[in-house]
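Structure assessment
What follows is the residue order along each chain.
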Amino acid sequence: MKVTKVETENVTLTLTKPIGSALGELRDFGMVLVTIHTDQGLTGENLVFTLNNRRTRVLRAMVEELADLIIGQDAGHIAGFNARAWKDINFLGHKGVTVMGISALDGALWDLAGKAAGLPLYRMLGGAQDRVPAYHSGGLWLSLSISELQEEAARFIAEGFTAMKMRLGHADPRDDIARVKAVREAIGPKIRLMADANQGLSEHKAIRLGRMLEEFDLTWFEEPLPAWDLEGLARVAAALDTPIASGETEYSRYGFRRMLELRSADILMPDLQRAGGVSEFMRVSRMAEAHDVAVSSHLFPETSIQVLGALSNAIFLEYMPWFSPLYNEELSFENGSAVVPERPGWGFTFNRDYIRHLKG
């Protein structure tokens, strides 16, 4: 089966209401939708995105620039594409938009491979679990008041979630503590609670805040430091009892290898877009397994569920429903866990009617 064409298209997905985190205000997302066509009529789909629709054209151009590495090639030789692409981007570097471009095509090729085999990706990748614990990440934003936080947390529990994540980032750590305390009181001691600083702290502030948070029994304290400060993050991890989760802004197995060497995090969080796609996500996660380190996903719940289902060291799916309307199918949940679809490939297909609506 040969690749005959790579089709890309841009759409903008606008939030109903802007949300706030330590990264700033988020209003919308620039989506690059990718479809790989073959001489047998099968297609593979994937998407990548930008925050607030910034640099979306650059990302789309990167995907299109890399497309010549698969057109005319055997669609099943995904490792071959990755090797060619890794060499091809050497001059521009192996982080950022270049790796995102590889991710877009790699994921579409895997979706295509699953459809050709008639298997969901998690089974093609080895199969470890058909359900993955999920935490709701689509709320509890920095922009909400304390009463709004408590109301939203209660709603997540009513929806069946047994874990959720809130954001930190106030100038005075006592304000963050008051918010975490209020959410913990609202959800009780048995619901898992994570807190994300979105890279907004310095090393000494992270340790100070982390120690203040210990009494609230957080499942993890996420991204307290800027992504590039792996040495500082390792010192924060060593200083705190609460597990540190990080890695969503790391690129490829080489970045994660350094995190593992330094013990920068107790839980690694590879992102399907920034880690390098399905192929690299699996390499990173297997490497983490060899170090007895757990992994969770970042964003993309509809596609991340398939790679997590293939891993015995996967402990949580991040449920962020930003992109869910783009698909025909819906993710299913049972007793606080996401169910891995048994449909071929990703198990999710683009909702073309909705996409045409977005394009106006």
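1. Re the packing of aromatic side chains
When we look at a pair of aromatic rings, we describe it by the centre distance and by the angle of the planes. Using the criterion set out here, one finds 17 aromatic pairs in the structure. On the numbers, 5.7 Å between centres and 40° between planes, the contact of Phe300 with Phe323 is tilted. Taken together, the positions of Phe300 in the loop between strand S10 (294–296) and helix H11 (301–309) and Phe323 in the loop between strand S11 (314–319) and strand S12 (332–334) put the pair 23 residues apart, joining distant regions of the chain. Accessibility assignment for this pair places Phe300 and Phe323 in one class, buried. These aromatic residues form a ring-pair network of at least three members: Phe29, Phe49, Trp141, Phe300, Trp322 and Phe323. Against the face of Trp86 rests Arg253, its NZ or CZ located 5.9 Å from the ring centre. When the ring centre of Phe348 is taken as origin, the NZ or CZ atom of Arg343, which lies over that ring, is 5.1 Å away.

2. What to know about the side chain of Glu222
Structurally, the position occupied by Glu222 is in strand S7 (residues 220–222). The class of Glu222 is buried, set by a relative accessible area of 0%. Polar contacts involving the side chain of Glu222 include one to the side chain of Trp220, which spans 3.0 Å. Those residues in contact with Glu222 that sit more than four places away from it in its chain are Tyr135, Lys165, Ala195, Asp196, Ala197, Asn198, Ala245, Glu248 and Met269.

3. Quick look at the side chain of Asn313
Within the secondary structure layout, Asn313 lies in the loop between H11 and S11. Reaching out from Asn313, the side chain makes a polar contact with the backbone oxygen of Val293 at a distance of 3.1 Å. With near-sequence residues (within four places) excluded, Asn313 lies in contact with Ser285, Ala288, Glu289, Val293, Ala294 and Val295.

4. What to know about the environment of Ala186
Looking at where Ala186 falls in the secondary structure, it is placed in helix H6 (residues 173–187). Sequence separation between Ala186 and Arg55 is 131 residues, and the spatial gap between their C-alpha atoms is 40 Å.

5. Quick notes on the packing of helix H5 (residues 146–158) against H6
Packing of H5 against H6 brings their axes to within 9 Å, and their N-to-C directions diverge by 35°. Crossing hand, H5 versus H6: right-handed. Facing Ile146, Leu149, Gln150, Ala153 and Ile157 of H5, the residues of H6 in contact are Ala178, Arg179, Ala182, Val183, Ala186 and Ile187. Grouping the constituent residues of the contact of H5 with H6 by class yields 9 nonpolar, 1 polar and 1 charged.

6. Brief notes about the pattern of salt bridges
Inspection of every chain in the model, using the stated rule, returns 24 salt bridges. A salt bridge links Glu342 to Arg123; its shortest N-O distance comes to 2.8 Å. Pair noted here: Glu342 is in the loop between strand S13 (337–339) and helix H12 (352–359) and Arg123 is in helix H4 (residues 121–124), with a separation of 219 residues, a long-range link. One network of salt bridges, with partners in common, ties together Lys165, Asp196, Glu222 and Glu318.

7. What about the environment of Arg274?
Structurally, Arg274 can be placed in the loop between strand S9 (267–268) and helix H10 (277–290). Of the residues examined, Arg274 reaches a relative accessible area of 17% and is grouped as buried. Considered as a pair, Arg274 and Val99 are 175 residues apart in the sequence and their alpha carbons are 6.4 Å apart. Aside from chain neighbours lying at most four places away, what touches Arg274 is Val99, Met100, Ser103, Glu248, Thr249, Glu250, Tyr251, Ser252 and His298.

Rules and cut-offs
Residues numbered from 1 in each chain as written. Predicted model: local features only at pLDDT ≥ 70, side-chain atom pairs only at ≥ 80, totals over all residues. Heavy atoms only, no water. Phe/Tyr/Trp six-rings, centres within 6.5 Å; stacked < 30°, edge-to-face > 60°. Helix = DSSP H or I, 4+ residues; strand = E, 2+ residues; numbered from the N terminus. Buried < 20%, exposed > 50% of the residue type's maximum accessible area, 1.4 Å probe, protein only. Lys NZ or Arg CZ within 6 Å of the ring centre and 35° of its normal. Polar contact = N/O pair within 3.5 Å; in protein donor to acceptor, adjacent residues only side chain to side chain. Contact = heavy atoms within 4.5 Å. Axes fitted to C-alpha atoms, helices over the stretch in contact; angles between N-to-C directions. Left-handed = near helix turned anticlockwise from the far one by under 90°. Nonpolar A, V, L, I, M, F, W, Y, C, P; charged D, E, K, R; others polar. Salt bridge = Lys/Arg side-chain N within 4 Å of Asp/Glu carboxyl O.

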